Amino acid sequence: MTASIDTAAPREPETPRVVLITGAARRIGRSLALGFAARGWDVAVHYGASRGEAEEVVAEIAGMGRRAVALHAELSDEAQVAALLPACIEALGRPACIVNNASSFEEDTARNVGYELLLKLTAINLGAPLVLARMLFDATPQAALVDETQRSVVINVLDQKLYNMNPDYLSYTLSKAALQTATIALAQALAPNVRVVGLAPGLTMQSADQTAESFAAAHRVTPLGRASRPEDIVAAALYLADATGVTGTTLVVDGGQHLVPLPRDVMFLTGF
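If you're wondering where the values come from, they're calculated on a predicted model, not measured in any experiment.

Thresholds applied
- Residues numbered from 1 in each chain as written.
- Predicted model: local features only at pLDDT ≥ 70, side-chain atom pairs only at ≥ 80, totals over all residues.
- Heavy atoms only, no water.
- Helix = DSSP H or I, 4+ residues; strand = E, 2+ residues; numbered from the N terminus.
- Contact = heavy atoms within 4.5 Å.
- Areas by Shrake-Rupley, 256 points an atom, 1.4 Å probe, with all protein chains shown as cover.
- 1 Å grid on protein atoms, 1.4 Å probe; cavity = no way out; pocket = protein on both sides within 12 Å on 5 of 7 lines; lining within 4 Å.
- Points joined across faces, edges and corners; volume = space filled by probe spheres on them.
- Nonpolar A, V, L, I, M, F, W, Y, C, P; charged D, E, K, R; others polar.
- Pairing = 2+ DSSP bridges.
- Axes fitted to C-alpha atoms, helices over the stretch in contact; angles between N-to-C directions.
- Parallel < 35°, antiparallel > 145°, perpendicular 65-115°, else oblique.
- Left-handed = near helix turned anticlockwise from the far one by under 90°.
- Expected span 1.5 Å × (residues − 1).
- Buried < 20%, exposed > 50% of the residue type's maximum accessible area, 1.4 Å probe, protein only.

Participant: Looking at this structure, I do not really get the overall build of the protein. What am I missing?
Facilitator: Counting secondary structure elements, the protein contains 8 helices and 7 strands. Contacts in the protein between residues at least 24 apart in sequence constitute 75% of all its contacts with a sequence separation of at least 6. Carbon and sulfur atoms form 55% of the exposed surface of the protein, whose accessible area is close to 12000 Å².

Next up, the structure:
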């Protein structure tokens, strides 16, 4: 476990809330970390292999006048996942929100699916969110039973394809489908102390093996003429973090991508 924390920025008179975001060093996770900080949250920036980028995010957040810490954990290792929440509490205080953003996305199909990849993705994409939700419940004061301001919230990042199924990336899809079901079950089991909600983006950022032309074409295959943008996901997450009357449901933020049935993943239909 590694941690870096900036304590030079003055605290506001009212103690700010703390959010722990997994996979917060890069891409959507980075946008979420900066977006929460801009709204006044202190941020625990989890990372796996991207230590330098995580420390850059911490520095950016410190420059915004908020506190931040970079925390390392391999999400496939339960012991390392279980150490994240205590490390966050020690550095910043008890988180009021956990955003389970990190996930592993690897290609397989029904014709080559096997235990190794399925179990790996299940551990990262489902197991880690389950452990973090359980630990957040244990850390949430019982006063949350009567005081809504003491409640915590878990935001599970899902995928619009759960509402527009295709057979590509099978193990990934199954792990996200399980997390979607877990969102409902956890919302029932952890209420009223912890709210549990889902956030399902569409195509948001260009992948490493996509061309700019392919990404732009895929983005346009939606009713709104574009899928989700990082700022859309940030706005939705901030809403869910404060939506005290919302639990056990998922907000799909994808420009309507899930309304356009496709037989294959959109990346295959537009080329690379």
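Participant: Even after reading the chapter, I still don't get the layout of surface pockets, so can you show me in this structure?
Facilitator: Over the atoms rolls a probe the size of a water molecule, and in doing so it shows where empty space is left. The calculated volume of the second largest pocket comes to roughly 380 Å³. Taken together, 19 residues line the second largest pocket, and the ones lying closest to its centre are R17, A96, T149, Q150 and R151. Within the residue set of the lining of the second largest pocket, elements represented by two or more residues are strand 5 (152-157) and helix 7 (230-242). Looking at the lining of the second largest pocket, its residues break down into 7 nonpolar, 6 polar and 6 charged.

Participant: How do you make sense of the sheet that holds strand 3 (residues 68-72) when you look at a structure like this?
Facilitator: Strand pairing within a sheet occurs via backbone hydrogen bonds; the two strands may be parallel or antiparallel. Spatially, 3-2-1-4-5-6-7 is the arrangement adopted by the 7 strands of the open sheet, whose pairing is parallel. Only two strands of the sheet have a single partner each, and these edge strands are strand 3 and strand 7 (250-253). Across the sheet, the mean angle from the axis of one strand to that of its neighbour is 20°, orientation sign disregarded. Packing against the sheet, helix 3 (residues 78-91) makes contact with strand 1 (18-21), strand 2 (42-47), strand 3 and strand 4 (97-100), and its axis sits at approximately 160° to strand 3. Contacting strand 5 and strand 6 (194-201), helix 5 (residues 170-190) runs over the sheet at an angle of about 155° to strand 6.

Participant: Looking at this structure, how should I read the packing of helix 4 (residues 115-139) against helix 5?
Facilitator: In helix packing, the relevant descriptors are the interaxial angle and the interaxial distance, both defined with respect to the helix axes. Where helix 4 meets helix 5, the closest approach of the two axes is 9 Å, and the angle between their N-to-C directions is 15°. Classed by the angle they form, the pair helix 4 and helix 5 counts as roughly parallel. Crossing hand, helix 4 versus helix 5: right-handed. Residue-level contacts link L117, L118, L121, T122, N125, L126, P129, L130, A133 and F137 of helix 4 to S171, Y172, L174, S175, A178, L179, A182, L186 and L190 of helix 5. Residues that form the contact of helix 4 with helix 5 fall into these classes: 15 nonpolar, 4 polar and no charged.

Participant: Quick question: what am I supposed to make of helix 7 here?
Facilitator: Every α-helical turn comprises 3.6 residues, leaving residues that sit three or four positions apart pointing alike. For helix 7, which comprises 13 residues, the first-to-last C-alpha distance of 19 Å matches the rise-based estimate of 18 Å (1.5 Å per residue) to within 8%. Buried within helix 7 we find P230, D232, I233, V234, A236, A237, L238, L240 and A241. Each element contacted by the buried residues of helix 7 is listed here: helix 1 (27-38), strand 4, strand 5, strand 6 and strand 7.

Geometric values such as these leave the question of function open.
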